[in-house]
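Structure assessment
The primary structure of each chain is shown beneath.
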Amino acid sequence: MNKKWLSLLIALGLLLGGLTLARAAPGLAPLAPQGSAAPTVVSYQGRVQVSGAPFTGTGYFKFAIVNQAGNTTYWSNDGTSSGGSEPTAAVPLPVSNGLFTVLLGDTSLDGMTQQLTASVFSGYDRYLRVWFRAGSSGAFTRLTPDTRIAAVPYALQAQHAAPPGNVIVVAKSNGDFTSIQAAINSITAASASNPYLVWVGPGWYNEAVTLKPYVHLQGAGQGVTFIQAAAPNGAVLTLSNDTTVRDLNVSNIGMGATNYGMYGNNVTDVQVSNVYVEAGGGGTSNTAIYLTGTSTEVTLENVTAEASKANSSNTGLSITLGPEVTVHGGTFSGSGGTYAYGIWVAGGSDTFLGAADVRAYGQDASDTNVGLSNGNYPTVLLQGGFFLGSGGQRAYGIENSNSAHLEAEGVTAQGESGTNKAVALYNHDDGRAILRGGSFIAAQGSGQYAWAIHNIGGTNTTLEAHDVTARASGGTFNNQGLRNEMVGTVARIYGGSFTAQGGGLTAGLNNVGDLTVQGAVAIGENGTSNYGLYALGGTVRADGCHFKGSTFGVIESSGTLYLAVSQLDGGMQRTGGTAQCYGTYGNNYAPYLCP
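Let me sum up the structure you'll find in this document. (Residues numbered from 1 in each chain as written. Predicted model: local features only at pLDDT ≥ 70, side-chain atom pairs only at ≥ 80, totals over all residues. Heavy atoms only, no water.)

**Side note on the environment of Thr-379**
What counts is decided by this rule: The numbering of helices and of strands both runs from the N terminus, where a helix is a DSSP run of H or I of at least 4 residues and a strand a run of E of at least 2.
Its place among the elements puts Thr-379 in strand S32 (residues 379-383). Here the alpha-carbon distance between Thr-379 and Leu-353, two residues 26 residues apart in the chain, equals 6.5 Å.

**Structural notes on the packing of aromatic side chains**
Worth spelling out the cut-off: Within 6.5 Å between ring centres, the rings of Phe, Tyr and Trp (the latter by its six-membered ring) count as paired, and their orientation is classed by plane angle as stacked under 30 degrees, edge-to-face over 60, tilted in between. Remark: exposure states derive from per-residue accessible area (1.4 Å probe, protein chains only) relative to the maximum for the residue type, with buried under 20%, exposed over 50%, and partly exposed in between. For a Lys NZ or an Arg CZ to count as sitting over a ring, it must be within 6 Å of the ring centre and within 35 degrees of the ring normal.
Tallying each qualifying case throughout the model produces 14 aromatic pairs. Aromatic side chains Tyr-449 and Trp-451 sit 5.3 Å apart centroid to centroid with 40° between the ring planes, which places their arrangement in the tilted category. Tyr-449 gets classed as partly exposed once you look at its relative accessible area, which sits at 21%. Taking relative accessible area as the criterion, Trp-451 reaches 6% and is therefore assigned buried. Taken together, Phe-55, Phe-61, Phe-63, Phe-100 and Phe-132 form an aromatic cluster joined through their ring pairs. Its end group placed over the ring of Tyr-74, Arg-126 keeps NZ or CZ at 3.5 Å from the ring centre. The ring of Tyr-426 is capped by Lys-421, whose NZ or CZ atom sits 5.0 Å from the centre of that ring.

**Section: the pairing of strand S22 (residues 285-292)**
The line we're drawing: What makes two strands pair is DSSP finding at least two bridges between them.
Across the 8 residues of S22, 8 count as buried, placing the element largely inside the fold. When strand S20 (residues 258-265) meets S22, the two strands line up parallel, connected through 7 bridges. When the bridges of S22 are listed, Thr-258 appears paired with Ser-285. Two strands pair when backbone bridges link them, and S22 and strand S25 (residues 313-320) are joined in this way by 7 bridges, in the parallel orientation. Residue pairing for S25: Ile-289 is matched across the bridge by Leu-317.

**Remarks on the state of the cysteines**
Under the convention used in this document: We call a pair of cysteine sulfur atoms a disulfide when they lie within 2.5 Å.
Enumeration over the complete set of coordinates arrives at 1 disulfide. Residue pairing for Cys-581: its cysteine sulfur links by disulfide to Cys-594, the two sulfurs lying 1.5 Å apart. On the sign convention where negative means left-handed, the S-S torsion of about 85° between Cys-581 and Cys-594 marks this disulfide as right-handed. Pair noted here: Cys-581 is in strand S56 (residues 578-582) and Cys-594 is in the segment after strand S58 (591-592), with a separation of 13 residues, a long-range link.

**Describing unusual backbone geometry**
A positive phi angle, close to 65°, is found at Asn-376, a residue other than glycine. As for its placement among the helices and strands, Asn-376 is situated in the loop between strand S31 (368-375) and S32. Of note, Ser-417 is a non-glycine position whose phi angle comes to about 60°, a positive value. With a relative accessible area of 40%, Ser-417 lands in the partly exposed category.

**Re the pattern of salt bridges**
Inclusion rule: Definition used for salt bridges: Asp or Glu carboxyl oxygen within 4 Å of a side-chain nitrogen of Lys or Arg.
Enumeration according to the criterion identifies 10 salt bridges in this entry. Across the pair Asp-367 and Arg-394 runs a salt bridge, and its minimum N-O distance is 2.5 Å. Of this pair, Asp-367 sits in the loop between strand S30 (359-363) and S31 while Arg-394 sits in strand S34 (residues 394-401), and the two are 27 residues apart along the sequence. In this structure, Arg-436 engages Glu-407 in a salt bridge whose closest nitrogen and oxygen atoms are separated by 3.3 Å. In this pair, Arg-436 sits in strand S38 (residues 432-436) while Glu-407 sits in strand S35 (residues 405-409), placing the two residues 29 residues apart along the sequence. Because the salt bridges share partners, they merge into one network encompassing Arg-129, Arg-142 and Asp-146.

**With respect to the nonpolar core**
Applicable threshold: Note on terminology: a nonpolar core comprises buried Ala, Val, Leu, Ile, Met, Phe, Trp, Tyr and Cys residues joined through side-chain atoms within 4.5 Å. Any two residues whose heavy atoms approach within 4.5 Å are treated as being in contact.
Grouped together as the largest cluster of nonpolar side chains are 90 residues, with contacts concentrated most on Leu-217, Leu-353 and Leu-382. Considering every element that reaches this core, the biggest residue donor is strand S21 (residues 270-279), with 4 residues. Filtering out sequence-adjacent residues up to four positions away, Leu-353 remains in contact with Ile-319, Val-325, Val-327, Ile-343, Val-345, Leu-372, Thr-379, Val-380 and Leu-381. Judged by nonpolar contacts, the second largest core, of 22 residues, contains Ile-65, Trp-75, Phe-100 and Phe-121.

As structure tokens, then:
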């Protein structure tokens, strides 16, 4: 597992006496241009669960900014914390379905008496410490580990140091420069202790831009500051170490073999927020944001990335060959061509993506459309979000393959309208997937196959699913909630529901591999032949399940089947294989014996 994933929002749940907390890295309120006072608030978003359920109501929070060791306090909400200790006063905040937002340093809030100042971020060893209490009385619980504060708030320090020269204004008139690159090139002394801010006013800037370390770039907003260029076989915005980019619109209208909107190779401590990025000039391959290199560490927050018009492949976000990338919110889409990907992750066990509440679309390509594709050894951790593959011959909401590791909590994945097949989750060729909750939907209009979850291939392909909802419908040939295909492929199902509807053959669960099912419901309905469980081979172990099909609740043609304390609506048919039943019963609750 990647060494940094515990510091991210993704899969960050610490069970503390029935209390689960998760949090997002702090973001920064918009910076003002030269001559304005530095902002004194930093936005923080998080999620709270109590006893495994999202908390709703008034939550009580305490905040402190500390060093990495946690033994020095630089700021706390009421100024009483020292040496990393718990502050005295609490900040009551509304929490809806587990989600809350606070502006740290907003003194209009009860319990928040201390503003944030630039001096808090005078060094790079800064972490946010949070305490939480669900009610108005009782002890507070501290969430560990502390969250490292990303690069964006350090632009505060750049602005604080601006007079007379560390904030440079680029504007169409009355600025220090009319060219962004010229402004960046003029900076020769930027460092960790002497950062710069290049603030770009409204307008269109027709140029390609390459950043420098410790030079922060900010526009006046996505809808008013535009950087556009025809950069065939290159990028419009090239990232550098220790930089932040925010409040801009970046567009590559080039028509080369490969066209990037934003590019980062072996760059560290980079944060991009509130930015729209597009690669859409045409050519062979378009990628809105391309991140690569084993040293690359980038955070994307509320970013929209769109790629279209290339005749081969279009990808919203591509992460390859070693980067560590964290994404909070935002939308990533690829449209048209032969292959379209919302997010593409590939290449090397060091490659890592943690994503919370993102939306990713692959659509309208002639061959394959994928919301999120993860392949060739990376690790991807997802929390929430929506992943859609739509159209073409094959449509996958999420694809996980070739020794890649995927963990997903509370996601919605959908494959739709593939002329051959639509699959919400396609886990194959030694892919390893762990699902916790969430919805997986395969929907066809006139396509042949709809499989909510397809698990196939390789000697180490494994799927573990806890309390998921899987539904497949509309395939003209067959529809299956889970298709565990190929001898040796392993699926472990704990709870949840698997429903297939319509077509020639429907099966809630279809197995040829090794399948264990506990406490799940599997239904096949509204097709020509309907089965709750279709055992075609391999081994099935089912305990405490409900199998329902108007043709048969369970059908077995080969392999080994064990049924324990399960309900079979529609009975059971065996044409081959072996079966053992323990405490099974029919829909009238009468004992049912294996035929």
